[in-house]
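Coordinate analysis (summary)
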Amino acid sequence: LDRFLDLGTTTVEAKSGYGLSLEDELKCLAVIAEANRRHPVDLVATFLGAHDFPPEYRDRRADYVRLVVEEMLPRVAAEGLAEYCDVFTEGHVFDLEQSRAVLTRARELGLGLRLHVDQLTPLGGAQLAAELGAASADHLEFVSEQGIEALAAASVVPVLCPLVPLYLRIEQEAPARRMVAAGLAPAIATDFNPGSCPLQSMPEVMTWAALRYRFGAGEALCAATLNGAASLGRAADRGSLEVGKRADVVVVDVDDHRRLVAEFGGNPVRSVVKDGVVVRGAARR
């Protein structure tokens, strides 16, 4: 979290999904809650118990889906440990019907919905996200035209992760320009995780969004700030510099916003203000 703050990030969505048992998923979410109490960065917790199937359930996947639906989700909701529920919807993990079962139960319990969809195959996860009224659909490298149209009709925020295909050596790119043409407002994210993108720098993500998606500097900046806040249901109080919003402000050492996407490898952040308090560096006059 210190490193996120040094790189200018003041709000982070943090997912569980690396325990895959009731005890370990609750532990992950409890750690997120404790870190949120201790650190200036705001953490938005997402339950991702449906991230993969643990080894002992590989040959009885329906049993693990029942564990998530009947035991994990009720505990997570009852203890108020997560705001959202996410599912990795792909052919090799949770198929469309398994994902629908998990997400429908999560919605019944009052959790918002997010989905990993169409990252590796055109499975139709975007249409599922639209059908269920999800807040976001993440990745989308293999989304179809029908999927894009469904997301637009349902006002689902696409969250694109431009460094993930690079890290995984996948040539397919998310069709970001087609999304914008359809009326969608994509967000961009690091997808910081140990398996597919160990990166914390949103300035670097902005540069790669410009290169890989042909985003203009203004589009990349909006995707990294206001659109990301919108995907978390927080655009009303953060994500842009407006009267009445929280004073989460990043001061960057560039003379033109276009330079934010023109340079590699550095950190343009000189100071960070969180809720009106300077928490990194000192504001320059």
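Up top is the structure.
Predicted model, so just to flag it, every value in this text is computed and none were measured. Per chain, residues are indexed from 1 in the order of the written sequence. Local features in a predicted model are, by the rule used here, given only for residues with pLDDT of at least 70; side-chain atom pairs are given and counted only at 80 or more, and totals for whole chains, interfaces and linings are based on all residues. Side-chain calculation: all heavy atoms of the structure are included, whereas hydrogens and water are not.

Side note on the environment of leucine 96
For clarity, the threshold we go by: To qualify as a helix, a DSSP run of H or I must reach at least 4 residues; to qualify as a strand, a run of E must reach at least 2; elements of each kind are numbered from the N terminus. Residues count as neighbours in contact if any of their non-hydrogen atoms are within 4.5 Å of one another.
Inspection of the secondary structure assignment puts leucine 96 in helix H4 (residues 96–108). Sequence spacing of leucine 96 and leucine 140 is 44 residues, and the spatial spacing of their C-alpha atoms is 15 Å. Leucine 96 has contacts with Thr89, Leu123, Gly124, Gly125 and Leu128, leaving out every residue within four places of it along the chain.

Here's the deal with helix H2 (residues 22–38)
Short version of the rule: To estimate how far a helix should extend, the number of its residues minus one is multiplied by 1.5 Å. Between buried and exposed lies partly exposed: a residue is buried under 20% and exposed over 50% of the maximum accessible area for its type, with that area taken using a 1.4 Å probe on protein chains only. To be clear, the arc concerns the directions from the helix axis to the C-beta atoms.
The first and last C-alpha atoms of H2 sit 25 Å apart over 17 residues, in line with the 24 Å expected at 1.5 Å per residue. When H2 is considered as a whole, its buried residues turn out to be Glu25, Leu26, Leu29 and Ile32. On an axial view of H2, the arc spanned by its buried residues comes to 120°, and they lie on one face. Relative to its buried face, H2 has exposed residues pointing more than 90 degrees away, namely Glu23, Lys27, Val31, Arg37 and Arg38.

Side note on the packing of H2 against helix H3 (residues 61–78)
Put simply, the rule is: Only C-alpha atoms enter the line fits that serve as axes; for helices the fit covers just the stretch in contact. Angles between N-to-C directions range over 0 to 180 degrees. Under this scheme an angle from 65 to 115 degrees is roughly perpendicular, one under 35 degrees roughly parallel, and one over 145 degrees roughly antiparallel; angles in between are oblique. In this scheme the crossing of two helices becomes right-handed for a clockwise turn of the near helix relative to the far one and left-handed for an anticlockwise turn of less than a right angle. Polarity classes work like this: nonpolar for Ala, Val, Leu, Ile, Met, Phe, Trp, Tyr, Cys and Pro, charged for Asp, Glu, Lys and Arg, and polar for all others, with Gly in that last group.
In the contact formed by H2 and H3, the axes pass within 10 Å of each other and the chain directions differ by 25°. The orientation of H2 with respect to H3, classified from their angle, is roughly parallel. In terms of crossing hand, the pair formed by H2 and H3 is right-handed. Residues Leu22, Glu25, Leu26 and Leu29 of H2 form the contact with H3, whose participating residues are Glu71, Met72, Arg75 and Val76. The class makeup of the residues in the contact of H2 with H3 is five nonpolar, no polar and three charged.

What about H4?
Defined as follows: What qualifies as a polar contact is a pair of N or O atoms within 3.5 Å, subject to a donor-acceptor requirement within protein and to the restriction that residues adjacent in sequence count only when both atoms come from side chains.
Relative to the 18 Å expected for 13 residues at 1.5 Å per residue, H4 spans 18 Å between its end C-alpha atoms, a close match to the ideal helical length. Those residues of H4 lying buried are Gln98, Ser99, Val102, Leu103 and Ala106. Along the axis of H4, the buried positions cluster into a sector of 120°, meaning they face one direction only. Facing away from the buried side of H4 by over 90 degrees, the exposed positions are Glu97 and Glu108. Near the N-terminus of H4, the side chain that reaches the backbone nitrogen of glutamate 97, with its oxygen 3.2 Å away, is that of aspartate 95.

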